[in-house]
Amino acid sequence: MYQIIAYTYTPHAFLIHFAYYIYFHYMHANKNTLENDFFTPSISKEIMSNEEIKKNPRKRQRRHSSEELLNDQEASSSDILNKMKRAAAKKLIERYFYQLTDGCGNPQCQNKFCASSGEVNNITPNQAAAKAIELFSKEAQLCERHPTKMARTQEDSVISILPETNNEESNSSVDTTQLAVPCNEMALTSSSESTSKANSTVTSFTDDETVPYLTEEKLLEIIDECETCKQYSKLIRTLGQVFSNISSLTRSFRQTPSTPIDAMLDIATGDFMTLKKEDVRSLEGEKDKDEDSCVDATSCEGVRKRMELDYPSLRRSYAALFNLPNNIFESAMVNALVSLAGYLQMELQTRNPKTCSEDDIVDVLIMAFEIPALGSGDFLETAFPALCRATKWLTVDIQAKLAYAWAGPGCSSLRSFLENLHQLVTLRVILSQFHPDFFVQDENVVTAATSIMRVLYYSNILAGALESPELNQDDETDLSNLGRKLHQKVLPVDELAAQLGINVLDCRKPFLPFSEFYNEPLSDVVEMDKDFANYKGDIHKFSFMRYPFILTPATKTLGLYYDNRIRMFSERRNSFLQNVSLGTNTSPYLRLRVRREHIIDDALVALEMVALENPIDLKKQLVVEFEGEQGIDEGGVSKEFFQLVVEEIFNPDYAMFTFQNDSQTTWFNPTSFETESQFTLIGVVLGLAIYNNVILSVNFPMVLYRKLMGKKGSFEDLAEWNPTLYNSLKQLLEYTEDDIEDVFMQTFRVSYQDVFGTLLHHDLMENGDQTAVNQNNKREFVKLYADFLLNKSVEKQFKAFYKGFQMVVDESPLEMLFRPEEVELLICGSKNFDFIELENATEYDGGYTNSTLIVRHFWSVVHAFSSEEQRKLLQFTTGSDRVPIGGLSKLKMVIARNGPDSDRLPTAHTCFNVLLLPEYLTKEKLKDRLIKAINYSKGFGML
């Protein structure tokens, strides 16, 4: 029975500790060499028996350092044996490699395959790797290590391939021919050197010294040692020292250098001993191909530095650490992180690149945020808030580097980071006592967590599917010829987005859904009037409107509402001042007097006059009056006006829009006979609906809202607008056979119909009817076809529509606050038609309560209604059958008593969402009167 010997190893070796017996018989010809290499006294720390390993599973985990073997614990014994053979052989091949590149250190060496002999010259790392495999297969001579040949530590190895650089040297290249020789000895710096730079001298580690940096192996060794003696002081001391010191933490959990052998042996299959010279040359050729296909290292300088952190090793280390009871080390680690946060904040405020680089700060934050328990216990209450407060001082450059790091190797942890931040924000919102002198915008932990969440938000975009910049729409809309010149839109610049060179619209599918960034508890307590004041006032005051991703759409709608109302009041004041100072008779409102029978003609003519004479009047509050009716517009009349206008606009008789049966959506008619001014006025109507906080019954595809926000339509947008065409084109793209021309018989000429059903043709390129779609050009065909349908064919109509829309919302923060899918919610309302929510949110007046018999009968009848009848009830009560953004719980309907039992029908004040309900004696009578009221209601009158 052989004993298993513990030792510290290089990560390149990947040796299985308990494979000594097999390794001995497999490599019997090199027994002495291998024994000297693996089991030297300097690296033999302790000896454990099989019984000890069985008693302590954590020690067994540390001994089985091969990640492949851990993943294949249930594999057959023969598979395990092969893995161990390959690992042992790989170790010997590495010895040949370093013998060829660095030599044995003996100046008198006579081995022609050793660099020390002087016979190995001008050999590249790839050539050395191939030669090492060949020498291994021939069992060539292997030199003993000469005493003058100094062993290099892991620290030296890391430094040699990734040198510490300053700002001036950040673009310098790395000479891969000067790779250090890994060895089994692991050296650690003494505590006095824990704050030195990476190129300082590395001293030996003894048990009496503190640990200035950690690796996975060292941490597991300390955990094993502490568990054996049931004394955790060493672990506590180590964690406290490493996690409280920036320099120590930046040197922990680093990636180790790799050699060309790793890549070649990954390609190789079978037994290394049976490899022939032709096989070795083939491996070298495959390695060269892999290198040629890689991106030039100089173009990834920023990413290269980030790759120094070994994410898998860090996460495994945390997993092993937090398998222990948290009460053992939690207090020490929390205190260490608080100290670390203080040092970080001081470092960020002073910003001395010589003591701490931006890359060091990024690494520290990555390792801190990777802590699994950061969102619970004392970590959540003490350490995490301190770290977030420190991140408020991050420069835009550091934020950008952190965003790239989290979007790359760290993207798998994005959801846990986000959940931890939400936990922190929610906890502080619940525990804090807000009052008129202390708003949530003044809570520094909440604002700090929101700021770092923005970095996470952009990481989520970078880690998702980004679209080509070619789809950005050129804004060539000329508004200057519309009478008085409108204000030029100036949106606040997001410096981080500008630094990263991205926009929210660039990401069609983020790594995490955007909705996961909403924080509902925060959205519920935000006073949007105060937040809007901060947004419009001092730039140094915090406003959640500058971080809209964390707010729910319903809350952001309030911010837009305040912006619109303040602008209406401003226009009203200007009109009053003009009337007083100039003696004019300017109306403070945008008044429209229309006839129900001619609503389109009256409305569009009136709006056209305003747009031509004084378009700034479109910013006034809309007041609608139906001719011959007594209703006063406090909001309800405007709702019905918009509904009637929309119904007429999309009437097929006007032929301004086409209806897509597959998706039940409407789109611009490319062959419409209506003038551009008509589409402009429709854009004005849509803008007025948003400006006056009215929900419309329109069914545009999502691509329209993306175009309104500045993005062109593309192939992916066809999926919602025309699913049948999208699936057909997708089949074309996925078809790989050579007979594509015969199967699809498609050229670059496409056809479509006009309003009369006449077939029209369009060439997507010159001589399109003579150019067949084949495997080489099918992607170009799909791109051009989608561009024609969604952009070029309706360019004239959409530009006019967009022009009218911008005449109303050009100064609005709409684009800053909302994404395209949220704009759709803003215009069309929610699709969550839940009358249970409405019942819970309804208030009562005139003596009614939620327990009154007539009220209970009312909700019983309403819940039994069909969906169409429920929509009619909404229309009757509120003036619109649409569900407001956020659901029916946001509607705040009021049911008021309207006298005792009578034959009168229910009535409503649509401006205030009030239903006047007589106290009918029976449920049947209530149902009869209510159905009649909602089915035969039309027009407004005075009660």
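Residues numbered from 1 in each chain as written. Predicted model: local features only at pLDDT ≥ 70, side-chain atom pairs only at ≥ 80, totals over all residues. Heavy atoms only, no water.

A.B. asks: Could you give me a rundown of unusual backbone geometry, with the residues and numbers involved?
C.D. replies: Among all residues except glycine, the phi angle is most often negative; among peptide bonds, the trans geometry is most common. One non-glycine residue, Lys230, adopts positive backbone phi at about 55°. Positive phi values are uncommon outside glycine, yet Met745 reaches one of about 50°.

A.B. asks: Describe in detail a negative patch on the surface, supporting the description with residues and values.
C.D. replies: A grouping of Glu737, Asp738, Asp739, Glu741 and Asp742 is seen on the molecular surface, where their side chains present a negatively charged patch. Take Asp738: it is sitting in the loop between helix H31 (723-734) and helix H32 (740-744). By relative accessible area, Asp738 is classed as exposed at 75%. (Patch = residues over 30% accessible without salt bridge, like charges linked within 9 Å, V, L, I, M, F, W, Y side chains within 5 Å. Areas by Shrake-Rupley, 256 points an atom, 1.4 Å probe, with all protein chains shown as cover. Salt bridge = Lys/Arg side-chain N within 4 Å of Asp/Glu carboxyl O. Lys, Arg positive; Asp, Glu negative; His and termini not counted. Charge placed at Lys NZ, Arg CZ, Asp CG, Glu CD. Helix = DSSP H or I, 4+ residues; strand = E, 2+ residues; numbered from the N terminus. Buried < 20%, exposed > 50% of the residue type's maximum accessible area, 1.4 Å probe, protein only.)

A.B. asks: Hey, could you go over the packing of helix H19 (residues 396-407) against helix H21 (residues 444-462) for me, with residue numbers and the actual values?
C.D. replies: One can describe the packing of H19 onto H21 by two numbers: an axis separation of 8 Å at closest approach and a directional angle of 50°. Regarding the angle of H19 to H21, the classification is oblique. H21 is crossed by H19, and the crossing has right-handed handedness. Across the interface between the two elements, Gln399, Leu402, Ala403, Tyr404, Trp406 and Ala407 of H19 pack against Ile452, Arg454, Val455, Leu456, Ser459 and Leu462 of H21. Of the residues assigned to the contact of H19 with H21, the class counts are 9 nonpolar, 2 polar and 1 charged. (Axes fitted to C-alpha atoms, helices over the stretch in contact; angles between N-to-C directions. Parallel < 35°, antiparallel > 145°, perpendicular 65-115°, else oblique. Left-handed = near helix turned anticlockwise from the far one by under 90°. Contact = heavy atoms within 4.5 Å. Nonpolar A, V, L, I, M, F, W, Y, C, P; charged D, E, K, R; others polar.)

A.B. asks: So, the sheet that holds strand E11 (residues 843-845): which residues are in play, and what are the values?
C.D. replies: Across the sheet, 4 strands lie side by side as E11-E12-E14-E13; this open sheet has mixed pairing. Looking along the sheet, the strands with just one partner apiece sit at the ends: E11 and strand E13 (907-909). Sheet twist, expressed as the mean angle between neighbouring strand axes with direction ignored, is 25°. Strand contacts of helix H39 (residues 867-878): E13 and strand E14 (914-917), with the helix running at about 60° to E13, the strand carrying the most contacts. (Pairing = 2+ DSSP bridges.)

A.B. asks: Got a sec to walk through the environment of Asp810? Specific residues and values, please.
C.D. replies: Along the chain, Asp810 falls in the loop between helix H34 (795-809) and helix H35 (814-817). Sequence-wise, Asp810 and Gly687 are 123 residues apart; in three dimensions their C-alpha atoms are separated by 9.5 Å. Here Lys619 takes part through its side chain, which lies 2.9 Å from a polar atom of the side chain of Asp810. (Polar contact = N/O pair within 3.5 Å; in protein donor to acceptor, adjacent residues only side chain to side chain.)

A.B. asks: A description of the packing of aromatic side chains should follow, citing residues and the corresponding values.
C.D. replies: Taken as a whole and judged by the stated rule, the model has 39 aromatic pairs. With 6.2 Å between their ring centres and 80° between their planes, Phe668 and Phe798 make a pair best called edge-to-face. Residue Phe668 is located in strand E8 (residues 665-668), and its partner Phe798 is located in helix H34; the two are separated by 130 residues in the primary sequence. Classification of Phe668 by relative accessible area gives buried; the value is 1%. If you follow Arg596 out to its NZ or CZ, it ends over the ring of Phe626, 4.3 Å from the centre. Positioned above the aromatic ring of Phe798, the side-chain terminus of Lys707 is 4.5 Å from the ring centre. (Phe/Tyr/Trp six-rings, centres within 6.5 Å; stacked < 30°, edge-to-face > 60°. Lys NZ or Arg CZ within 6 Å of the ring centre and 35° of its normal.)

A.B. asks: I'd like to hear about a nonpolar patch on the surface, residue by residue, with values.
C.D. replies: Together, Phe576, Leu577 and Val580 give the surface a local cluster of nonpolar side chains, amounting to about 330 Å² of exposed area. Here Phe576 shows up in helix H25 (residues 553-582).

A.B. asks: I'd love a proper account of the pattern of salt bridges, names of residues and values included.
C.D. replies: For side chains bearing opposite charge, pairing can occur when the charged atoms are close. In total, this model carries 39 salt bridges according to the counting rule given. Taking the shortest distance from any N to any O, the salt bridge between Asp617 and Lys620 comes out at 3.2 Å. With respect to burial, Asp617 and Lys620 carry one shared label: buried. A salt bridge links Arg819 to Glu821; the shortest N-O distance between them is 2.8 Å.

A.B. asks: Can you lay out helix H28 (residues 676-691) for me, pointing to particular residues and giving the numbers?
C.D. replies: Across its 16 residues, H28 extends 22 Å between first and last C-alpha, which sits within 8% of the 22 Å expected from 1.5 Å per residue. Of all 16 residues making up H28, 13 are buried, and the element is well covered by its neighbours. Immediately beyond the C-terminal end of H28, within one or two residues, lies Asn693, with a positive phi of roughly 60°. (Expected span 1.5 Å × (residues − 1).)

A.B. asks: A description of the UniProt feature "active site" (unreviewed entry) in the protein should follow, citing residues and the corresponding values.
C.D. replies: Here the UniProt-annotated "active site" (unreviewed entry) positions come out as Cys911. Its location among the elements puts Cys911 in the loop between E13 and E14. (UniProt positions renumbered as here; feature names shortened; annotations may be inferred.)

A.B. asks: If you had to explain the pairing of E8 to someone new, which residues and values would you point to?
C.D. replies: Along any regular strand, the residues point their side chains to alternate faces of the sheet. Looking at chain direction, strand E7 (residues 657-660) and E8 are connected through 4 bridges and run antiparallel. The partner of Thr658 across the bridge, within E8, is Trp667. Counting the residues that bridge the hairpin from E7 to E8 gives 4 residues, and of these Gln664 lies at a positive phi of roughly 55°.

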